[in-house]
Structures are given as structure tokens and as C-alpha cells.
Amino acid sequence: MWDFSTDPEFQQKLDWMDAFIRDEVEPLELVWGGKVHQGLKGDLRPIIEPLKDKVKEQGLWACHLGAELGGQGYGQLKLALMNELIGRSHLASFVFGCQAPDTGNAEIIAMFGTEDQKKRYLEPLLDGRCFSAFSMTEQTGGADPRTFKCAAFPDGDGWIIRGEKYFTSNADIADFLIVMAVTDPDADPRRRMSMFLVPTDTPGIEILRNVATMGERSGQGHHAHIRYNDVKVGGDALLGERGGAFAVSQARLGGGRIHHAMRTVAAVNLAFDMMCERALSREVYGGRPLASKQLVQATIADCHIQIQQFRLMILHTAWLIDQSSTKDARTQIAMCKVAAARVFHDVVYKAMHLHGALGVSSDTPLARLWQQAPLMGIMDGPTEVHQSSIARRLLADHEPSPTEWPTQYLPHRREAARAKYAGPAPT
Ligand SMILES: Cc1cc2nc3c(=O)[nH]c(=O)nc-3n(C[C@H](O)[C@H](O)[C@H](O)COP(=O)(O)OP(=O)(O)OC[C@H]3O[C@@H](n4cnc5c(N)ncnc54)[C@H](O)[C@@H]3O)c2cc1C
């Protein structure tokens, strides 16, 4: 059965979220700006906590997890509709308890953690009482984990972690890190690494720098370059089985990628709404609005088509995950990841361009969005890597032609059709 409607009861929740984000959350971000990131641990907390309570009262807190994993259990399709609103504001995901990278981290602890690990790390994470970071990428090459050098060596009942990680987002506010380290260098490449849960106050963890991305001041970014100086952890720090980091990271990145794509719908809708408002408001030669120009109309139509294709692909992927699993929907998730970077780039650029000088100033949200555009095709794996994995899986469902001619070669097909129906050849 195909159905594109939202059930009225859930629509009421979405309407509440829409108004709440617009009236309570977005203004906060305007006042606190760049302090939002660190503020949750400091002076912003007394303002954030009552907002979180309101979200919890509505049963909308931490909706990314299924009920069996400790979440609300709405499923991914409803989460997609929620994220279309949450993605309008960076702060909103914190207020709704579904901020990256904590969502993905919570998922893997829920999936792979022991009961003790869940009590120690997952419960406070879901309650919004702590933050986490995912420490995987190394300077040697993030897209290819086979190049990773950071290693963990057995030490009595526990492990000693030694090496460096690059671009560990949010490590500066995290209470614990999930670290991927080589434990079995001679094993099959997919079984070489293990995942560890490491509290950030463990001796030996050294944040060398907080790397800034475009638009942030050097040294004041949130992506840590970390050195693990013989960091000693117990045997109970191992998340999942020894050598199982690859499977854990795939599970994590799958969920993280689709959630990010869902939030991207909100960002491109914002840029699109701004584009339409500008087209209707700005008058050019002879007092006619930009919207009357056919080239502008084509831009608006094309952007809408692109957004709508993207949104439907996400909703379909979310539905697929609800029907089976993140693993079964990995091709569709990769498609959403690739599309997200493109739609985001194209729509934000066109919205910015239509705003002229104002568009390239820092006086509208478009400047912040534009700074994110190049990041979108790199974080959670570069576009090309996802294109390759999509193509490999698609090609696995196809066969080479059994002859030197394509199976669709029309002269051969016509000949076969004539033989089947034994009719006279057309003159
Ligand atoms: C905003 C942001 C946040 C991030 N947060 C985290 C985090 O919290 N934790 C973490 O561990 N990492 C994080 N990362 C790192 C991210 O996962 C890596 O940057 C990403 O995997 C790419 O790795 P790399 O930067 O080493 O690029 P490389 O692997 O060097 O790739 C560079 C370029 O080479 C090309 N390329 C690479 N591989 C292929 C291929 N197979 N086929 C064709 N072309 C290819 C692509 O054009 C690619 O963009 C973050 C990155 C960003 C930008």
C-alpha cells in the first residue's frame, strides 16, 4: 500500500514542534550565536533545561531510538518529519535530545553495549546529562580505515591506546569518546580494529587543537586533533567484540547519515523560502519583481523539483529502515547522503545568488549555510566513496551480456519476437 499522508495525531505534534522551534529555539540561537556549542555546559544550560523539559512533556525527547533501545520508538519515518523541523536550528537538535554525534553514538551503545556500558554511558546520554564524541578519522586518510595507525595493546585485563585522531567533533565538550583502534594488525582488514568507550578525563588524552572549519576562528573550532598518550582503559571499555569495529562503525554511520540528510531538508527549505520571498519582493528594471523573470522562475522550479526528489527519497529510505533495518537500506542511505550534499550546495547557492550582495553578506542565514556546503560532501565519508558503494551494490544485481551484443540489441530482439509470433515481417 502506498500512502503519503501524516496521521492527524502526529501532525499535531509536528505543529507543536514547528511553533516551539520558531518561537523558543531559533531566537535563542540568534542571541547566543557561536556560544551555543560550549554554552550547554555553562551559562546556556539554565535556559536550555526548561526547554528540554517541555520537549519531554510532549513525548518528543530522543526520538532517534526505537523503544527497545530506550527511545520513544516513533520509527524513522516520523523522525524524518520531525527532523525537517529540527534541522532549521543547530540548537534545536540539542533541545530535542537528538544532536549529532550523540545520536549515532547512542545507537551503537544500545546495539553493541553490555548492560554495564548502557548504564554508564547510554542512560546519561539519552537523558541529556552528558555528551560524547566519535574518534575514528586519522590524518592518514579518513575515507579508508585500512590506513589507520592508532592502536590498542593488551595490558593485563585491559588495554593501552596509543596514537592520534583527527577531526573528532565535539571532543571538547564530550564526557566520553568512542575510539576506533587497531588491535589485530595481522587480521583481515575488516577485523583489524576494535571500538573502545573512553571517558575524556582518562589520563593521557591530550587535545592538541580544536580545528576550526570555515567561518570559525582558528583554534576555536570543535573538531579535535587528539593524541592518545598510552591511555589505559579496562577490559570493560571494549564496545562490541574484539576486531568488530568495522561493523560497529557501519551501524553508526548508517543512522548518522540518514539523520543528517533528514535535517538537510530543513536547511534547504529555509533557503528555498528565502529565495521565493526575495523573488517576490525585489523589483528590477521597470518595477517588475524578480519573480516575473523566466530565468528566475526556472531557478525556483528547478530548486523545488530537486528538494522534492530529495525529500521523497529520504522518506522512502526512512520507511525502508522501519520495514527492515539500517543495514538493509544502506544503498538508499548512501544515495540520500550523496544527494544531500548536492541539493544543499545547489539550493543554497541559488538562494544566495538571488539575494545579490545581501546574499554574500553575513546578515542572513545563507552565509552560515554556504559555509557548510563543502563540509557536506566530506563528513561521514566523501561523496565518491558513497557513489562507489552504491554502484558496487547496484552492479551486483546485474550480469554481463552473454554475447558480444547487448541483450537489448534490437535486431536480435526483433528476430526472436518474430519467431515467437510467427507473423509476417513488416514491409
Ligand atoms: C565537519 C566534519 C565533521 C567530522 N566529524 C568527525 C568525527 O566526529 N569523527 C571522526 O572520526 N571523523 C570526523 N570527520 C572526518 C570525516 O569522516 C573525514 O573527513 C572523511 O571520512 C574523509 O576523510 P579525509 O578527510 O581524510 O579525506 P580523504 O580520505 O583524504 O579524501 C579526500 C578526497 O579524496 C577523494 N577520495 C577519497 N577516497 C576516494 C575513493 N575511494 N574514490 C574516489 N575518491 C576518493 C574524495 O574527493 C575525498 O573528498 C569529520 C569531517 C568533517 C568535515
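Computed from a predicted model, the values in this text were never measured in an experiment.

### As for unusual backbone geometry
Note that the residue after Ala100, namely Pro101, is joined by a cis bond; omega there is 0 degrees. Look at Phe167: it is not a glycine, yet its phi comes out positive at around 65 degrees. Relative to the helices and strands, Phe167 resides in strand β3 (residues 158-169). The buried category is assigned to Phe167, around which 22 C-beta atoms lie within 10 Å. Even without glycine at this site, Asn170 takes up a positive phi of about 70 degrees. Summarising the element assignment, Asn170 is placed in the loop between β3 and β4 (176-182). The class of Asn170 is buried, set by 21 C-beta atoms lying within 10 Å.

### Considerations on the site of the ligand
In the neighbourhood of the ligand, 21 residues make up the surrounding shell, with Met136, Gly142, Ala143, Pro382 and Glu384 lying closest. Here the shell around the ligand is composed, by residue class, of 10 nonpolar, 10 polar and 1 charged. Residue-level mapping places the shell around the ligand at the junction of two domains, with at least three residues from each of domain 2 (132-239) and domain 3 (247-395).

### Some points on the UniProt feature "domain: Acyl-CoA dehydrogenase/oxidase C-terminal" (unreviewed entry) in the protein
Feature annotation in UniProt places "domain: Acyl-CoA dehydrogenase/oxidase C-terminal" (unreviewed entry) on residues 246-395, given in this structure's numbering. As annotated, residues 246-395 comprises 81% helix and 3% strand, and the C-alpha atoms at either end are separated by 23 Å.

### Description of the pairing of β4
Burial within β4 is extensive, with 7 of its 7 residues counted as buried. Both faces of β4 are covered, namely the face carrying Phe176, Ile178, Met180 and Val182 and the face carrying Leu177, Val179 and Ala181. Here strand β1 (residues 132-135) runs beside β4; their pairing, made up of 4 bridges, is parallel. Bridge pairing in β4 places Ser132 opposite Phe176.

### Remarks on the environment of Gln297
Along the chain, Gln297 turns up in helix α9 (residues 294-323). Residue classification places Gln297 among the partly exposed residues on the basis of 13 C-beta atoms within 10 Å. Considered as a pair, Gln297 and Cys276 are 21 residues apart in the sequence and their alpha carbons are 9.5 Å apart.

### With respect to the nonpolar core
The nonpolar side chains of soluble globular proteins are, as a tendency, buried together. Phe196, Leu239 and Ala271 are the most contacted members of the largest nonpolar core, which totals 102 residues. With 15 residues, helix α10 (residues 330-354) is the largest single contributor of residues to this core. In this structure, Phe196 is in contact with Ala152, Trp159, Ile161, Val179, Ala181, Val233, Ala237, Leu238 and Leu239, ignoring residues within four places of it in sequence.

### Some points on the domain arrangement of the protein
On domain assignment, one finds that the protein holds domain 1 (8-113), domain 2 (132-239) and domain 3 (247-395). Each of domain 2 and domain 3 has a C-alpha centre, and these two points are 31 Å apart. Here the residues of the side of domain 2 that touches domain 3 sort into 7 nonpolar, 2 polar and no charged.

### Looking at the packing of helix α8 (residues 245-281) against α10
Each pair of packed helices can be described by the angle between their axes along with the distance between the axes. Where α8 contacts α10, the two axes come as close as 8 Å, and the packing angle between them is 25 degrees. One finds that α8 runs roughly parallel with respect to α10. In this structure, α8 meets α10 at a crossing whose hand is left-handed. Grouping the constituent residues of the contact of α8 with α10 by class yields 18 nonpolar, 3 polar and 5 charged.

Cut-off values and rules
Residues numbered from 1 in each chain as written. Predicted model: local features only at pLDDT ≥ 70, side-chain atom pairs only at ≥ 80, totals over all residues. Helix = DSSP H or I, 4+ residues; strand = E, 2+ residues; numbered from the N terminus. Buried ≥ 20, exposed ≤ 12 C-beta atoms within 10 Å, placed from the backbone. Near = placed C-beta within 6 Å. Nonpolar A, V, L, I, M, F, W, Y, C, P; charged D, E, K, R; others polar. Domains from an automatic or database assignment. UniProt positions renumbered as here; feature names shortened; annotations may be inferred. Pairing = 2+ DSSP bridges. Core = buried A, V, L, I, M, F, W, Y, C linked by C-beta atoms within 7 Å. Contact = placed C-beta atoms within 7 Å. Axes fitted to C-alpha atoms, helices over the stretch in contact; angles between N-to-C directions. Parallel < 35°, antiparallel > 145°, perpendicular 65-115°, else oblique. Left-handed = near helix turned anticlockwise from the far one by under 90°.

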